[in-house]
Amino acid sequence: MRVLMLNGPNLNLLGTRQPDVYGATTLADIEQMCRTHDPDAQMSFVQSNHEGAMIDAIHAAKTDHDGIILNAGAYTHTSVALHDALASVEVPCVEVHLSNIHAREPFRNHSYIAPVALGQIAGFGAQGYLMALDALRLHLVD
Ligand code: DQA
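The structure reproduced in this document is the subject of the present report. (Residues numbered from 1 in each chain as written. Predicted model: local features only at pLDDT ≥ 70, side-chain atom pairs only at ≥ 80, totals over all residues. Heavy atoms only, no water.)

1. Regarding empty space enclosed by the protein
Counting across every chain of the model gives 1 cavity of 30 Å³ or more. Reported here for the largest cavity is a volume of approximately 130 Å³. Taken together, 14 residues line the largest cavity, and the ones lying closest to its centre are Tyr22, Asn71, Gly73, Ala74 and His97. (1 Å grid on protein atoms, 1.4 Å probe; cavity = no way out; pocket = protein on both sides within 12 Å on 5 of 7 lines; lining within 4 Å. Points joined across faces, edges and corners; volume = space filled by probe spheres on them.)

2. Here's the deal with the pairing of strand S3 (residues 67–71)
Judged by how many residues are buried, S3 sits mostly within the fold: 5 of 5 residues are covered. Neither face of S3 is exposed, since Gly67, Ile69 and Asn71 on one face and Ile68 and Leu70 on the opposite face are all buried. Bridge count for strand S1 (residues 2–7) against S3 is 5 bridges, and the pairing is parallel. For Leu4, the partnering residue across the bridge sits in S3 and is Ile68. (Buried < 20%, exposed > 50% of the residue type's maximum accessible area, 1.4 Å probe, protein only. Helix = DSSP H or I, 4+ residues; strand = E, 2+ residues; numbered from the N terminus. Pairing = 2+ DSSP bridges.)

3. Some remarks on the site of the ligand
Looking at the ligand, the residues that line it are Arg17, Tyr22, Asn71, Gly73, Ala74, His77, His97, Leu98, Ser99, Ile101 and Arg108. Between the ligand and Asn71 there is a distance of 2.8 Å, counted from an oxygen atom to a side-chain nitrogen or oxygen. Ser99 places a polar side-chain atom, nitrogen or oxygen, 2.6 Å from an oxygen atom of the ligand. Considered on its own, the ligand offers 320 Å² of accessible surface; in the complex 99% of this is hidden by protein. More than half of the atoms of the ligand fall within 2 Å of the grid points belonging to the largest cavity. (Near = heavy atom within 4 Å. Polar contact = N/O pair within 3.5 Å; in protein donor to acceptor, adjacent residues only side chain to side chain. Areas by Shrake-Rupley, 256 points an atom, 1.4 Å probe, with all protein chains shown as cover. Sits in = over half its atoms within 2 Å of the grid points.)

4. Focus: the nonpolar core
In this structure, Cys34, Ile69, Tyr129 and Leu133 are the most contacted members of the largest nonpolar core, which totals 22 residues. Considering each element in turn, this core owes the most residues, 5 residues, to helix H5 (residues 127–141). Contact partners of Cys34, with chain neighbours within four places excluded, come to Met5, Met43, Phe45, Tyr129, Leu130 and Leu133. Grouped together as the second largest cluster of nonpolar side chains are 19 residues, Leu6, Ala57, Ile58 and Val89 included. (Core = buried A, V, L, I, M, F, W, Y, C linked by side-chain atoms within 4.5 Å. Contact = heavy atoms within 4.5 Å.)

5. Considerations on the side chain of Asp38
Tracing the backbone through its elements, the reader meets Asp38 in the loop between helix H2 (27–37) and strand S2 (42–47). Taking the relative accessible area as the measure of exposure, Asp38 reaches 8% and is therefore buried. Looking at Asp38, its side chain comes within polar contact range of the side chain of Arg137, at 2.7 Å. Beyond its immediate stretch of four places on either side in the chain, Asp38 contacts Met1, Leu133 and Arg137.

Purely spatial values, then, with no claim about function.
This is the structure in structure tokens:
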């Protein structure tokens, strides 16, 4: 199973960014947790603060990845372009959020990613990425 884990804006700051909301785990920690959790998965890790670079990464995943785990950060709530990119490549995608976006400010309650994702995991902190890996593996085996 070849998985692209794509993290969007400000997620490079995990560990120091609002730890009360997002936890103390860094993105590097999360990547290591994923490798340990599913050693057989071939993981690619991409983080970008730029919407266009994220779109390019999604397009590229069509040729060499079986699934995408996506935390689009704030672009979740704004980006029709990311929605369209996912719809275009038809690579199965699990949407992840560290925080429960449905229990926060109203502007975080809507996701442009959700309609083109297999499903959404939100509110479980860094563990959510491991849940997403499990979900993707189960989906791809079926
Ligand atoms: C986030 C939630 C978003 O609303 C926010 O803009 C982020 C992180 C999360 O993982 O909880 O950057 O995607």
